[in-house]
Every structure is written in structure tokens, then in C-alpha cells.
Amino acid sequence: MSAIVADRQGEMPDAERVAKATQGFLRDFGRTAAIYMESCIHCGMCAEACHFYEVTGDPKYTPIWKIEPFKQAYKREYGPFAPFYRMLGLKREVTEPQLEEWQHLLYDSCTVCGRCSLMCPMGIDIAGLISDARHGMARAGLVPKELGEAAERGEREGSPLGATPKVFKERIAWLADEHEIQIPLDRGKAEVLCTLSSIEIMKYTASIVAMARIMKHVGADWTFRTDGYEATNFGLLSGNAQWQKDMSMKLIDAAIACGAKTLVLPECGHAYGALRWMGANMYGKPLPFRVLHISEFLAESARSGKLRLKKLAKSATFHDPCQISRRGGAVEAPREVLAALGVELKEMFPTKGTNWCCGGGGGVVAIRRADALRYKVFKLKMDQIDDTGAELPVTSCSNCRQTFDDGQAHFKWDKSMNSLLELVADNLIEA
Amino acid sequence: MTTLGDSLLASGVSRRAFLKFCTALTSLMALPPGMAPAVAQALARAKRPSVIWLSFQECTGCTESLTRSTSPTLENLILDLVSLDYHHTLQAASGFAAEAAREHAMKEFDGKYLLLVDGSIPTSDGGIYGTWGGESFVDILQQSAKGAAAVVAIGSCASFGGLPKANPNPTGARPVSDLVKDKPVINVPGCPPIAVVMTGVLAHYLTFGRIPELDAQGRPLAFYGETIHDRCYRRPFYDQGKFAKTFDDEGARSGWCLYELGCKGPITHNACATVKWNAGTSFPIQSGHGCLGCSEPDFWDKGSFYKALSTAEWGDAKTLGVAAAVGVAAGAAAAYLGRRRQDRIGKED
Amino acid sequence: MDLLTFARGPGMHWATTVFVIGVLWRLLGMLLLRGRKDLSEPRSTAAWKGLRLIGLRSWPRKEFLGGTAFGEIMGYTFHIGFLVALFFYLPHILFFEDIAKSVIGVNFKRVFGFAWPYLPGGAIYFFSAVSLAALIAVLVHRIASPVKRMLSNFDDYFSWFVTIAPIATGMLAYSHYGAPYPTLLGLHLVSVELLMLWFPFGKLMHAFTMFLARGVQGVDFERKGASL
């Protein structure tokens, strides 16, 4: 099918990999996933929604096809007629070469953007099944190497990109000094716990300063904490369920430790999905604090009048980060903020829930061998934004921003992506 | 044996009347009209054959149908033209004398007589449920068939088993063709058969000296080749979707199709819709009652006469209830096994 | 036993029995698996409103319509034609009412106040023909489209066959074409029985699972405020 050689972690016999893949997949399985698995009618319409299929025309990128080995395993091991499937040999056992072949499909060509779930006439949440399938792949040691390495580093060091607590502390101190702004760190008690993504700590440090300035502006009682600051979750992206939990628990414990009523997530997409929607399930109880994406926090602050903004006389178009907008439900918050900024909003087509993914989410931007595919997808975004005629492309996810920056460099595009957070910070009416 | 032609002349039937009869007979047998003279010639020359009529588990309805008339009819002519040497209802003799007449005819016309049978034959318990003169019907039939030129099973009982064979068939009733294997058997079903169909079959045999073309059920194609539905005058209403819902509603009064009231016309082969009954007076559908399907095998056991053809025997509520319980139990068991497998996989970590 | 007697008797009896057992087995076998409770704070406490996805997902969002239009239109043409022929032809209606009367004790008129409406045979024939043509079109599309061809397995082709057979045999029976009517009717019934036998085990179950999957996604997404 493809010439890509799969990455393998660990030394294990093929049979063991298959067994572990099946274990990983079925362990967290349930009624919902079973209903989805039973419902596919092979209509192929999900392909029409997927940017990877859209830009290549290659049928193997059909979303439901990406989970085919797991559908096979489900029917054989767990479905209502599983014993018959096994006894009569109606579904073959998944093989290791099959799983290796599928690594490319499950990771390189899926950003878990959820457009397919939105399209499916049967209502199957295909994107959700991809995440379930990744559990199997991670257990079997079949994760693309950069993604696996980042996840391992994140679990071990506290950050996938080397922004360890030590590095984080140093950065905060340096930024506070450089920009002459107070950045509270490790306060014993605070109403608001703010978190960041390693991309911001290592690359878009202006976002950290922006956050500090805005928190001061609205008069928030807030802090960062070195025992819980990393909002990205490479456990989630790679499919390692245990690491996903570990990473989420750090944030949760830190919020509880300082008695925070609100936990603010940074401009990061999957961080929102990980904590806002999956956090409580990792914790095993409802969370004792609210979880807000920074764009939601900004929208609330604008509504309450706490956020006073200068009018920005420019036209803008908003790129919806998939995990916040389509999958997460915070579609309007960024638009409320843009309205508060007074920009002329020129929506791209499609937009909001049906907007095209930037192509870098779900861990794809970390996978080197997926670059060529990702650039093809990026063309869709460039055309979308060019067509609006807007001056400022804006988004609220650092991974999207990183993808846009990389795409811009590759294509020598004449437009740069802007961070909503930084735009707000740049236009505060200071007292 | 004198010829039929001689007998006719002797009984005062004019040549003209005879030719009229033969023309009608020709068309009845679905032969080309040009064949009428040939039919006339053949019939005139035919030897007056011996006919032995055996009545077994029957209601005498077939005989009633055949003899129903108030004026000379084709049916009567035929009965007069054959030498009916044995018939329980119509013969004058009885008891040992009647049996002696039968045995005599069988001996004298060995290999040439026509054996007509109405009623089914009970076979259970050594055939004791039907006997006369101390002999079982089974034995009588088998003995009588030995020397017959051909056997005609008159009516649905003789052709397919009829009412006696209906569930639970306590006497082990069976049709003639089940017991007579080495002679040609013509089935003339109907409950009863149309008079002129019976005589038409006989006439064909008399004319051509061989049995007519039969369908897969052994029925003469000339009379049983089409379904009632295909010739029903109410067919346009079926096609238009105009169905009577009760026996006296507006639709019924307007002569609409009787499908919903249980008419089995679509699957019943007979000549009722064209030839009709009582010299072409009417037939069940014309009188407002659906066809019972009485010329088809086992029509007594094919569901209610008043339930539409499409309401098949799908079982009953109780069976479906049991099926539902089985399905629920199996599904629950499958889910339980699935959960257990999941737990086991979880423990393996 | 001849074909028609079998089809109207033991054939139908076993087909309905296997159908009931199979459908319930499959549905319960998935519904009784472990449900995972979602402990996250919902964005909407009226998540049940997400059930509207069952209706909503019946037509794609306009952004997706481009490549999916053919499939959607042909799919609906087949389904509508088929459902009209199935549910608005009197002989079929009498069959269903007979079962309903026996199993739940009432008929349509008693419940709704008016008799189950039906169309003349010619109209039914027309709808059947349209449905048949659409089925052929979707098969051609399934074979010609690289995506669908790759996805398709035995289930897809066999389900297609057991769906088209009753329509084709029904049309043949109605027009009395090709064999004696009782044989054609027998074939039609046997083809329906084959459909019923296969139904619980293949993709035809989407008639039921459609409500479940759309319902589950609807409620899950509504709870989060995610796009429906």
C-alpha cells in the first residue's frame, strides 16, 4: 500500500504486538464505540470531508478505512456475533504487518479534526474511534518515532520540547525581567491557575507575556505553577492512555493544590479536549474547578467589561482550531473577542464547525515523513484565507500557528498567522 | 360395444345437435375451431366405452355437480353416451349385485375401461377407515386400476386428498395418484369440479383415445392452464387498487376486487372465471365471495379463506414472543461475554 | 411441498423467527456493553436535545454536498421508492396488519382513526422500477468509485442482492412475466425471506443502528456544544 516503513518501539515478537494492540484497543472500549463500529455502511462519504483525501484523491485516506484493523478486531473479539466470526473464520485476526501498514494512516494522515464525524450519515464519531485505535498502536509500540519520543520526553521530563520545570522557571524569570511585568509563579493560593503549551514556552514566548498582561489588566488573582503548567498532552496524541492520564493529573493536582476555581488553558487545541472534556474522566470525579480555554476566558472578560480594548481597524478572518471549535464547542468565544477588538470579520468558507483543519494537529506536525502530505493540505488553508481578502488571519492554537508558520515558509506565502491572545494583549487600554 | 354415433341416433339426437355439441366441445378443449369436424367424426366412430366409477371418501358433490341440470345438457349427453357400468349413486343395483356388475365389466373390457374415482382413499391402520363389501378402498382401487386404460381422479379429494386429508388427516387419506403409479392418471380437481370440465375431459379421451395435455399437477391444461385471477372480470379493480373491505360495504356492492376478503384467485388454476357454473350463470367471485382455491392441492390447510393471500403463515405471536426472548437472552449473553473478555484483558496488564 | 406453499408456510415462519432473534441479539449485544459515564462539566444540561441529530444528519451540510450529492440523491431515490412499494401496496399492508393484529392486538385504523392508505398497483410498479434503477446505479457507483470499491466487502454486495431480489421478483410477479404466477409469487416470498434471514447479520441493520449512532453522537456532541 505505501512505501513508508513503520516505526517500532521496543523488541517484541509480532504476535505479542498484535495481542497488545488488541488489548489496548479493547481495554477502554465501550457501548458507544461498539454502536459506532456496528453502524458503518461503507458509503465512503467520510472521504469527502477529509482534507487528506481531498488533496490526494487517494482512497486509503478514507477516514473509516483508517480504523479498519480495529473494526476487524472488534467484530472478531467483542461484537455480538464474535464467537461466530472466530469459529467460522469470517474475520481474520489482525496481523502485525497490517498494523505497521496502518501506522501511516492512523498518525501521518489524521489530525483527529472530526470533519468526518460531522459528515457521516450514520453519525459515527470516526475521529473518536481514531483516538481509541491509537491506544492499541501505542501499546503495541507502533507509534511514529517523533511522536513517541515527544510523548516519552513529556512523561519523563514534564515537557515534550525540553521545557522542563527548571527551564520553565528560568524563562518566566527572564520574561518578567525583560518585559518588566510581574509573572506570579508557584503561589500557594490563587483563584485562577494558568497553563501553557511548550510551543509557547520555547517559541512563542510573547504569548506568555500577553497572558500575564491580560491577567493583570482584568485584575485576576492568578498564578503559574511549576508542578502543573504543561497543557499539551502527547500521551493523548500518541495514544498512550497511561501517560495521557499522568499529564492531565499534573494540571489537576496543581489546580487543587492552589485551590483554583478556574483553570485557564493556553492557545492549544488538543489541550482543550484533554482537560475540558477528558480531564474529569481521568480524575475519576467531576473536577472541582472550571476549565476555560483562554479564548473563552477573554470572551467572558469582554462580556463582563473587565477587558477594555482599543479598536483595531483591520479586517480579520478566523481559523477555527478543530479541538476548540468543532470538537470542543467554543466556536463563538474567539469571535466575541474579535468583535470586542472591533475588527471587520470576514469569515472564510467553510467556517466554524465545518472549517478545514490546518493539517498539523493530532501530532501530525511532529512527524517528519508526513511533511509533504501536510503541505498539500496547507494549500487548502492558503486558498481559503486568500479568498476572504482579509488582512489578518487569526487563530487561537499555537500548534495551528506553528503549522501556518511552517507552511508560510515553505510556500513563501505573503500572510502570517496571528495569535488572538497576542492581538488582545497588544490592544489593551491600559489604565 | 356400439358406437357413440349409433347410440346418439338411437336416442333421437339429431345430426345437427350432435355437431353443435362437438363444436362447443372443441372450443371447450381449447382446440382450433377447424377441428370441430374431426372431433365430430372421431366421436361418432368412438366405441361406447365402459366406465367404472369408484366413490371413496367423498361427499358425492362431484356427482351432484355433474348431474345438476333441469334440461338435457352436454353433461347428460356424455353420461348417456358412455356405458356407466358402476356408480354408487346413479346405479340401480346394490350390494353383491352391484359388485358382480363391476367385476363383470372389468373382466369383459379388461385393458379398455375407463376408471373414474371420486373421494380420497384412507390408508391408515390397514385402510380400515374405508371399506365396502369387506374390502378396503385401497385394495378396491388397486384391483380396479389393474385393467383400466386410464384413471380419472374426479374432484379435489381424489386428485389431491381434499377435505379428508386436511390437518390432522386422521384416516391417512391420500389421493389416487399416490396409490396408482402404473397407469395414466388425470386429475380433475375442484370442490366440486365444474360439470362441463369433467365432461370435457371425458370427451377428449373419447375423441382422441388418449389423455389430454396435463400440467405439473396432472390437470388438463385446457381447463386448468390459467388462474382465476388472469380471467377474472374484476381484475381492473385489483389493478386500480379498489378492494372491498367487508362483504357488504360500498366496495363490495360496487363489485370491487375481493383480495382483501381472502380471494385466492391469483394462485388458483381452474376455468371458473371463463366457463363459470350452472351453464355459465355465475361463479363465486361474481356472487361476491372470494375464490377458495379449491382446485389446488391442500387448499384446506393454506390458511383462512377470509384472510388475504399475502397474509402468509408466519407463525404466531407466541412463537415470535419466544423468539424475542431468545434474542434478548442471546444478546445479553454476548454482551456479558464481551464484558468478561474486556475484564480479562484489563487484568492481563 | 411446492415453492409457494413452502414460502407461505415454513419459509415465512423461520424467516420471521430468525429475524426477531437476530435483530434483538445484535442490538442487545451492543447496547448492554459497558457505558462510560462522562464526568466532565457539560456545556449544555439539555444534552437530550442532541437527539435531533437523528433527523438533522439525514442530509449533509452544504459544505460537504459537493462529492456526496450523487450518493445522497441515489440513496434517497432507492429508499423512498422501496419504502413506498413496501408500505403502500395493499397485499403488503395486509401482511403487516395481520402480524400487528396478532402480536399487539390492534390494527392501524383502530390506532389512527383512518385505514392505512395504499396506492394502485401500477403506481407501486412505477416506484419499484425507480427503486430498482437507483439500486443498479448505486452498485455501479460502488464498483466504479475507488473509495467505495476499496471499502466494499461481501456484506455490501450480498446486502445489495437480497435487497434488489424482492423488488425484481415483486415486479415480475406483478406483471406475471417469465413463469406461472404462483411460481413468481413463491420466488418473491422466498427472496423476502432471504432478506429477513440476512438482515440481522449485515449492514441492513443500519435501519436500526442509524438511530443509535446518530443519537449517541448527537447527545455526546450536544453536551459539549460541539458542532452537530
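As the structure is a prediction and not an experimental result, all values here were calculated from the model. (Residues numbered from 1 in each chain as written. Chains lettered and ligands numbered in written order. Predicted model: local features only at pLDDT ≥ 70, side-chain atom pairs only at ≥ 80, totals over all residues.)

**Q** Would you mind going over the overall build of chain B in detail, with residue names and values included?
**A** Helix and strand content of chain B: 17 helices and 9 strands. Relative to the globule expectation of 20 Å for 349 residues, the C-alpha radius of gyration of chain B, 26 Å, shows a markedly less compact shape. Seen through its principal axes, chain B has C-alpha atoms that stretch 105 × 55 × 35 Å. Taking as baseline every contact in chain B between residues at least 6 positions apart, the subset at least 24 positions apart corresponds to 70%. (Helix = DSSP H or I, 4+ residues; strand = E, 2+ residues; numbered from the N terminus. Rg over C-alpha atoms; globule rule 2.2 N^0.38 Å. Contact = placed C-beta atoms within 7 Å.)

**Q** Talk me through the domain arrangement of chain A; I want residue IDs and the actual numbers.
**A** Size of an interface: often given as the accessible area lost when the parts come together. Residues and elements named next belong to chain A. Partitioning chain A into structural domains gives domain 1 (14-143), domain 2 (159-300) and domain 3 (308-426). The gap between the C-alpha centroids of domain 1 and domain 2 is 32 Å. With 6 residues of domain 1 at the contact, the number on the domain 2 side is 4 residues. A per-class count over the side of domain 1 that touches domain 2 returns 3 nonpolar, 1 polar and 2 charged. (Domains from an automatic or database assignment. Nonpolar A, V, L, I, M, F, W, Y, C, P; charged D, E, K, R; others polar.)

**Q** Could you give me a rundown of the domain arrangement of chain B, with the residues and numbers involved?
**A** Residue and element names in this part refer to chain B. Along its sequence, chain B is organised into domain 1 (4-223) and domain 2 (228-301). One C-alpha centre belongs to domain 1, the other to domain 2, and the line joining them spans 28 Å. Facing 15 residues of domain 1, the contacting portion of domain 2 comprises 13 residues. Residues of the side of domain 1 that touches domain 2, tallied by class, amount to 9 nonpolar, 5 polar and 1 charged.

**Q** Quick rundown of the interface of chain B and chain A? Include the residues and the values.
**A** If you look at the interface, chain B gives 8 residues, while chain A gives 7 residues. Here the side of chain B that touches chain A is built from residues that sort into 2 nonpolar, 4 polar and 2 charged.

**Q** Lay out the packing of helix α1 (residues 14-27) of chain A against helix α17 (residues 317-347) of chain B in plain terms, naming residues and giving numbers.
**A** With their axes 9 Å apart at the nearest point, α1 of chain A and α17 of chain B run at an angle of 120° to one another. Considered as vectors, α1 of chain A and α17 of chain B are oriented oblique to each other. Regarding α1 of chain A and α17 of chain B, the two cross each other, and that crossing is left-handed. Contact residues: Q23, L26 and R27 of chain A in α1 of chain A; Q342, I345 and G346 of chain B in α17 of chain B. Here the contact of α1 of chain A with α17 of chain B is composed, by residue class, of 2 nonpolar, 3 polar and 1 charged. (Axes fitted to C-alpha atoms, helices over the stretch in contact; angles between N-to-C directions. Parallel < 35°, antiparallel > 145°, perpendicular 65-115°, else oblique. Left-handed = near helix turned anticlockwise from the far one by under 90°.)

**Q** I'd like a description of helix α2 (residues 15-28) of chain B, backed by residues and values.
**A** All names here are of chain B. In this model, α2 (14 residues) spans 20 Å end to end at C-alpha, consistent with the 20 Å of a helix rising 1.5 Å per residue. Of all the positions in α2, only F21, C22, L25, T26 and L28 are classed as buried. Each buried residue of α2 lies within a common arc of 155° when the element is viewed along its axis, so the set occupies one face. Phi turns positive, to about 60°, at A30, one or two residues after α2. (Expected span 1.5 Å × (residues − 1). Buried ≥ 20, exposed ≤ 12 C-beta atoms within 10 Å, placed from the backbone. Arc of directions from axis to C-beta.)

**Q** Provide a residue-level description of the sheet that holds strand β7 (residues 392-395) of chain A, including the pertinent values.
**A** Pairing is parallel across the open sheet formed by 4 strands, whose spatial order is β6-β5-β7-β8 (chain A). A single partner strand is all that each edge strand has here, and the edge strands are β6 (344-345) and β8 (418-419) of chain A. (Pairing = 2+ DSSP bridges.)

**Q** Explain the interface of chain A and chain C to me, and be specific about the residues and the numbers.
**A** The interface of chain A with chain C comprises 45 residues on the first partner and 47 residues on the second. Ranked by residues supplied to the side of chain A that touches chain C, first place goes to helix α2 (residues 31-39) of chain A with 7 residues. For the side of chain A that touches chain C, a count of residues per class yields 22 nonpolar, 15 polar and 8 charged.

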